[in-house]
Amino acid sequence: PVFIFVYDELWWIFEQLFDAMASILGCGEVEMDVSVFAWALQPLGQRTSVGSNFGRPHRDYSYKNCHAANGELTVLTLWLPVVQVTI
């Protein structure tokens, strides 16, 4: 699935998100972390949704790794579907 990163369209989507992320984080500039990845999620067993790929809610970073000493958010994780999805 990481082959998707060769397409300009995906990078265009990311580029459009930088201003929104800076606004959410309350800063003038943001950087993209090198941990960008693509997943091909599939329904498991008899379940019909890909939400079952993650059995429990989780965080991508611990609190201390995504907040400054004063408690301000420093990291924002975004999971973005790049195919048609239903909710």
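Structure: above.
Residues numbered from 1 in each chain as written. Predicted model: local features only at pLDDT ≥ 70, side-chain atom pairs only at ≥ 80, totals over all residues. Heavy atoms only, no water.

**Observations regarding the packing of aromatic side chains**
- Enumeration over the complete set of coordinates arrives at 5 aromatic pairs.
- Geometrically, the ring pair formed by Phe-5 and Trp-11 is tilted, given 5.6 Å between the ring centres and 45° between the ring planes.
- Three or more aromatic residues link up through ring pairs in this structure, and these residues are Phe-5, Trp-11 and Phe-14. (Phe/Tyr/Trp six-rings, centres within 6.5 Å; stacked < 30°, edge-to-face > 60°.)

**Overview of the environment of Tyr-61**
- Within the secondary structure, Tyr-61 sits in the loop between helix 1 (8–25) and helix 2 (63–66).
- Measuring from C-alpha to C-alpha, the distance between Tyr-61 and Val-75 comes to 8.4 Å, with 14 residues separating the pair along the chain.
- Residues contacting Tyr-61, with those up to four places away along its chain left out, are Asp-33, Ser-35, Cys-66, Val-75 and Thr-77. (Helix = DSSP H or I, 4+ residues; strand = E, 2+ residues; numbered from the N terminus. Contact = heavy atoms within 4.5 Å.)

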